[in-house]
Every structure is written in structure tokens, then in C-alpha cells.
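# Report on the structure
Chain residues, written in single-letter form:
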Amino acid sequence: MRGEELVKIFPSAFYLISKKVETMKPFRQLPKIDKLIADDSFKDLNKSILTNLAKRYIENLREKIKNNQIDKIDYSQIIKDLKQEYKLALKPSLRPIINATGVTIHTNLGRSLIDEAIYDGAKDVVCNYCNLEYDLDKGKRGDRYQHTTQALRELLNCEDALIVNNNAAAVFLILNTFAKDKESIVSRGELVEIGGSFRVPDVMRESGTKLVEVGTTNKTKFADYENAITDNTALLMKVHKSNYTIEGFTQEVDFNEISKLAKSKNLIDYYDLGSGYIPRLSWGLSEAEPSLDKLLECEPSLISFSGDKLFGSVQAGIILGKKELIAKLKKNQLLRMFRVDKVTLALLEQTILAYKLKKYEAIPTISMLNATVEELEKRANYLAKNFKIDYEIKERKTYVGGGTMPNRKIPTIIIALSGGAIALESHFRANGIIGRIEDEHFILDMRSLREKDFKQIIETVNML
Ligand SMILES: *Cc1c(COP(=O)(O)O)cnc(C)c1O
């Protein structure tokens with residue numbers, strides 16, 4: 001006779017039996033929280049973190065017992081699980097990873113690296129009180145921006161500078177200060193979306209300026225700017241196209257022509273450069289785009305760029321230009337919202353000092369981009385000779401990244417590993433190494449790797 005038939009015949013007996021089964025469930029075996037956390041194996045752990053974890057864990061077990069998912073309690077398993085959960089709970093969410101994608105300025109992976117020497121140089125300022133807003137000569141309140149400004153002026157021979165939180169803030173601040181309720185003229189071909197929801201037309205609207213589009217998507221001429229100027233025009237703006245290119249039947253106006261036109265009409269010329277750089281870049285990158293020194297030769301009213309793209313430093317928006325204009329930017333209340341911390345300023349100043357001394361090896365972005373193919377090949381051989389699996393070393397192409405010169409591929413050396421690409425990719429990712437899949441192979445691209453990454457890569461390869 002089957003169970004349900006028994007129930008039909010002896011309903012009350014079944015009720016008693018099921019009651020009995022309920023009390024036999026191992027609720028009573030669940031450890032008391034205070035006893036559990038007092039266990040010797042937890043003696044070095046933080047009790048309040050542990051209590052929270054233990055409460056959640058035991059609650060979870062209780063649910064499982066109720067739902068008949070478990071029928072006995074394994075005390076040693078509870079201890080083991082809680083120790084593991086404790087470890088995970090204290091593991092920082094933000095952690096270092098190894099960039100084997102070959103993309104040097106990788107926005108998802110933190111953009112530019114800070115060299116340890118630069119970091120150490122900034123450490124004394126960050127870990128102590130400092131003269132952030134204190135004038136040591138006069139013994140009175142000083143200007144937070146003066147430190148980096150002085151260094152930038154000397155480095156680039158520009159009139160003045162201002163540092164804000166990022167380049168997006170720089171664009172907003174400039175438009176809001178000089179062109180609110182007035183017109184700003186921009187080429188239709190430059191109304192770009194940079195990614196991370198930075199859309200030039202939207203940012204302009206939010207800043208309070210009236211966007212005046214000129215030219216067409218593919219062609220904008222000098223006369224387009226000239227004809228669009230009205231009594232209400234405040235600013236002629238050029239925007240770096242950053243992450244897209246127009247090819248074929250195209251035309252755009254050089255910034256120095258826009259700059260001259262603006263000056264002749266008493267308007268402000270402003271170039272949102274996106275990425276600004278100083279030393280010569282290999283692979284024709286310098287020929288494709290002018291360096292900061294070159295741009296500053298036309299004495300622009302204002303230019304701005306990111307601190308953590310080709311400049312190779314910390315996240316910041318760097319504004320360079322005319323002294324009287326920077327003074328007006330400093331008076332805008334919005335600057336208070338965009339202001340940077342001493343950590344940013346200290347790191348940036350260290351980078352600027354390295355530039356002054358031409359110590360480009362202290363700017364990882366620059367030294368990685370400029371490394372020769374021979375150097376990369378040598379390092380690939382040195383790395384891969386430790387691999388216990390088959391591989392191939394080949395020359396390939398990669399991108400700079402960070403919305404910098406999107407149509408420029410630069411040569412690189414890759415190590416293609418033998419084996420299933422998808423499985424390899426996830427094995428490496430689980431071990432903190434992000435590579436890429438190309439031609440159905442998982443590859444490690446030498447362009448964005450440093451020698452200090454090699455040990456972890458070798459260990460990860462040889463785990464396979
Ligand atoms: C990257 C970029 C920005 C945004 O700079 P963030 O420093 O990321 O805020 C703005 N304009 C252009 C042209 C860019 O390339």
C-alpha cells in the first residue's frame with residue numbers, strides 16, 4: 001500500500017506522524033549565535049562582522065531545514081563556510097588586475113597607471129598635513145590650485161592653468177562660465193558621444209549655453225563658423241572626435257584657424273582636446289595629432305584635456321589658457337563642486353615634475369606606448385619560455401584606447417596560447433588577468449604588460 005492511500009485510511013495517525021517528523025527536523029541542532037562566534041577558530045576575527053555573517057548563515061540554514069533541503073547539521077562545515085565568508089567580506093571590491101588586452105589606456109581597467117615612484121613622491125603629502133590652502137611665505141590662507149598651476153606654467157609655458165575633477169567637468173565649467181545664455185558654435189561633425197554618457201550636445205545644453213551647429217556631418221568649413229557668428233555668440237568650440245573617425249569626403253577646420261577667427265571677433269576659442277600629450281609618440285601618433293606644446297603655440301583662449309588619458313596621470317580635468325579667463329573660471333561657484341582633493345593634486349604635481357625632468361619612464365602610459373616591437377618581442381620570449389603549454393609569439397596590432405586616436409592601430413607582440421580560447425579567457429580572468437581573444441586564440445598582448453606582471457602570469461599559465 002502506498003503512502004497517500006495510508007493517509008486516506010488513517011488520517012489522524014498520519015497527522016501525528018508528520019508532527020513527529022517536524023520535531024525530528026534538526027532545528028535544535030542549529031548552534032546559538034553567541035556560542036558559535038565564540039568558537040576557538042574565530043578567535044582572531046572581528047566579532048561584529050562575524051555576528052552579522054553568522055546570523056545570516058544560520059537564518060539561511062533554518063530556511064533550508066524548513067524546506068526539507070537538509071536534514072542534518074554539520075558543525076565543522078558551518079565553521080569552514082563562515083571563515084570563507086569572513087574572508088570574502090573583508091576582501092576589497094576594488095583590486096589590482098593585470099591588463100593583457102594590449103589597450104594601454106583602458107577606461108574599464110582604470111585608464112592610466114601611476115608609477116610607484118610617482119605614488120611614493122605624493123605619499124608624504126597625502127599622509128601628512130600639507131600646505132594645500134596655506135601660503136607658507138605669508139602665513140595666511142593660500143590657493144589650492146596654485147601648486148600644480150605653477151608647475152604646469154613652467155612645463156608648458158602657458159599663461160595659467162586650473163585643475164578640476166575630470167575633463168567632463170572642465171567642459172561644463174568653461175561653457176557655463178563664458179557662454180551661459182549665449183551661443184557656442186560647434187561643427188556638426190564634432191557633436192560626439194564619448195562613452196559613459198558624455199554627449200557633447202547634452203553637456204552643452206546642461207551648461208546653459210545655446211549650441212549652434214555648423215557645417216555638415218562630414219564637412220565643416222571656415223566660412224561656416226564665420227557666418228554663424230552673431231551678437232550673441234560667446235565662444236567657438238572645437239571638440240576632439242575621440243572615439244570615432246570620418247573618412248572619405250571630409251573637411252574640418254584646424255584649431256589655430258578657429259582660434260584666429262575667434263580672436264578677430266573678440267570671442268573665446270576653446271578646444272576640448274580629450275587627450276593631451278607632451279613627449280613625441282611613436283607609430284605616427286605625433287604626426288596625426290599635435291602635442292600640447294604645439295597647440296599652445298597659437299595661444300588659445302582655453303584648452304582642456306583629461307589627466308588620465310595620454311597625459312598618463314591621475315583622473316583630472318586640466319584647463320590651460322589665458323590668465324584673465326582662468327581667473328573668471330575660479331570665480332564660478334561650480335568650481336567648488338568640481339574641486340579636486342590633495343591626493344589628485346599631489347599625484348599630478350609628481351607627474352608634471354617627471355615631465356619637467358623628461359623622466360618618461362615614470363609615465364607608464366608613455367613608456368608602454370612608445371616601447372619598440374623588438375623590446376616587446378624580447379620580453380615575450382623571456383616571459384613565455386617559462387610556460388609549460390604550447391604557445392606562439394606573433395606580431396599583431398592593437399589600439400591606444402581611452403578614446404585616443406581611434407583609427408590608429410599600433411604594432412604589438414602577442415603570445416597566443418594553445419587550447420580552447422573561451423576556457424582560457426575565463427581561467428585567466430578568474431586569476432586576475434584580462435586578455436583578449438583573437439583569431440580563436442586566447443592571447444596575452446605585451447603592449448600593456450609590465451615585467452612585474454610576469455610572475456602571476458607564469459603561475460596562472462602553469463596552473464593549467
Ligand atoms: C574623454 C573625453 C572627455 C571626458 O573626459 P573625462 O576626463 O573622462 O571626464 C571629454 N571630451 C573629450 C573629447 C574626450 O575625449
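The structure contained in this document is the topic of the report that follows. (Residues numbered from 1 in each chain as written. Predicted model: local features only at pLDDT ≥ 70, side-chain atom pairs only at ≥ 80, totals over all residues. Heavy atoms only, no water.)

### A short note on the sheet that holds strand 16 (residues 436-438)
- If you walk across this open sheet you meet the four strands as 13-14-17-16, and the pairing is antiparallel. At either margin of the open sheet sits one strand with a lone partner, and together these are strand 13 (391-401) and strand 16. Shown here is a sheet whose adjacent strand axes are inclined to one another by a mean of 50°, direction ignored.
- This element, helix 18 (residues 373-384), spans strand 13 and strand 14 (404-417) of the sheet and lies at about 30° to strand 14. (Pairing = 2+ DSSP bridges. Helix = DSSP H or I, 4+ residues; strand = E, 2+ residues; numbered from the N terminus. Axes fitted to C-alpha atoms, helices over the stretch in contact; angles between N-to-C directions. Contact = heavy atoms within 4.5 Å.)

### Some words on the packing of helix 8 (residues 167-179) against helix 14 (residues 323-331)
- In contact at an axis separation of 10 Å, helix 8 and helix 14 are set at 100° when each is read in the N-to-C sense. By the angle between their directions, the pair helix 8 and helix 14 is classed as roughly perpendicular. Contacts between helix 8 and helix 14 involve L173, I174, T177 and F178 from the former and L325, K328 and L329 from the latter.
- Here the contact of helix 8 with helix 14 is composed, by residue class, of five nonpolar, one polar and one charged. (Parallel < 35°, antiparallel > 145°, perpendicular 65-115°, else oblique. Nonpolar A, V, L, I, M, F, W, Y, C, P; charged D, E, K, R; others polar.)

### A closer look at the packing of aromatic side chains
- Inspection of the entire model under this criterion finds eight aromatic pairs.
- On the basis of an interplanar angle of 45° and a centroid distance of 5.0 Å, the ring pair of F311 and Y355 is categorised as tilted. Remark: Y355 occurs in helix 16 (residues 342-356) and F311 occurs in the loop between strand 11 (302-306) and strand 12 (317-321); sequence separation between them is 44 residues.
- Judged by relative accessible area, F311 falls into the buried class, the value being 0%.
- Within the aromatic cluster, the residues linked to one another by ring pairs are F305, F311, Y355 and Y360.
- For K219, the ring lying beneath its charged end belongs to F249, and the centroid distance is 3.8 Å. (Phe/Tyr/Trp six-rings, centres within 6.5 Å; stacked < 30°, edge-to-face > 60°. Buried < 20%, exposed > 50% of the residue type's maximum accessible area, 1.4 Å probe, protein only. Lys NZ or Arg CZ within 6 Å of the ring centre and 35° of its normal.)

### Regarding the sheet that holds strand 9 (residues 233-239)
- What the seven strands build is an open sheet, ordered 4-12-11-10-9-5-8; its pairing is mixed. Both outer strands of the open sheet, strand 4 (160-164) and strand 8 (210-214), are each paired with one neighbouring strand and no more. For this sheet, the mean inter-axis angle between neighbouring strands, taken without regard to orientation, is 25°.
- Relative to strand 11, strand 10 (residues 268-275) runs parallel, the two sharing five bridges. Residue pairing for strand 11: S275 is matched across the bridge by S306.
- Running at roughly 30° to strand 4, helix 14 makes contact with strand 4, strand 10, strand 11 and strand 12 of the sheet.

The quantities given are spatial measurements derived from coordinates; they are silent on function.
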